[in-house]
Amino acid sequence: ERIDFKKDNKIDKEELEHTLRSLGYEPVKVNQYGISEVEQMIWEVDEDSDGCVSFEEFQMMFDRGRNDRTGHEPKKLFNLCQFMCLDRDGDGSISSEECMEMIMHRYDRAKLDEVFRNDGGEREITLSDFLAQVNRSHAVPKGLTRARNSSGKMPSIKKR
């Protein structure tokens, strides 16, 4: 609801860009796949390829992201939504305590210790900080590992 400001039950590129910028995050204009970060966020979950995320696609993305124990589900839009759930007042930041709670639940104690090892205590975390931490090294939950291809590199993203 906070993203779908047009109230048409779908999230388009304009709405997603607006949301990211309103949270103080400047999305990448062209990424390694030749599309914008916003277009990639939509593409990862756009099952009917209409360039938007419908309510049903959003629900499926959120459920799959929340229940993912393999680390293979697309997480870009899920991470934004998780941040927005923690950022209850919509000011673009969350407390380190709220972030710790999410990381402990989603990953484990080792990841929590890694993320906050040099943190001097309570502070506000921006969306950029949050995304950097949850995307750092493409962390896989609860001790699982990701498959690598024959060259030892991570496989590229493929649409289902």
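Worth saying up front: this structure is predicted, and the values here are computed from it rather than measured.

A description of the pattern of salt bridges should follow, citing residues and the corresponding values.
All told, the structure shown has 9 salt bridges when counted by the stated rule. A salt bridge links K6 to D12; the nearest nitrogen and oxygen atoms lie 2.6 Å apart. In this structure, the salt-bridge partner of E26 is K29, at a minimum N-O distance of 3.6 Å. We classify K29 as exposed; its relative accessible area is 59%. When salt bridges that share partners are traced, they join E17, R21, E26 and K29 into one network.

I'd like a description of unusual backbone geometry, backed by residues and values.
Even without being a glycine, K7 presents a positive backbone phi close to 55°. Residue position: K7 is located in the segment before β1 (10-11). The exposure class of K7 is exposed, given its relative accessible area of 56%. With phi around 65°, N9 is a residue other than glycine that occupies positive phi space. Taking the relative accessible area as the measure of exposure, N9 reaches 56% and is therefore exposed.

How would you summarise the side chain of E57 if you had to cite specific residues and measurements?
Turning to its location among the elements, E57 is positioned in helix α3 (residues 55-67). A distance of 3.1 Å separates a polar atom in the side chain of E57 from the backbone nitrogen of D48. If sequence neighbours within four positions are ignored, E57 has contacts with V45, D46, E47, D48 and C52.

Cut-offs applied
- Residues numbered from 1 in each chain as written.
- Predicted model: local features only at pLDDT ≥ 70, side-chain atom pairs only at ≥ 80, totals over all residues.
- Heavy atoms only, no water.
- Salt bridge = Lys/Arg side-chain N within 4 Å of Asp/Glu carboxyl O.
- Buried < 20%, exposed > 50% of the residue type's maximum accessible area, 1.4 Å probe, protein only.
- Helix = DSSP H or I, 4+ residues; strand = E, 2+ residues; numbered from the N terminus.
- Polar contact = N/O pair within 3.5 Å; in protein donor to acceptor, adjacent residues only side chain to side chain.
- Contact = heavy atoms within 4.5 Å.

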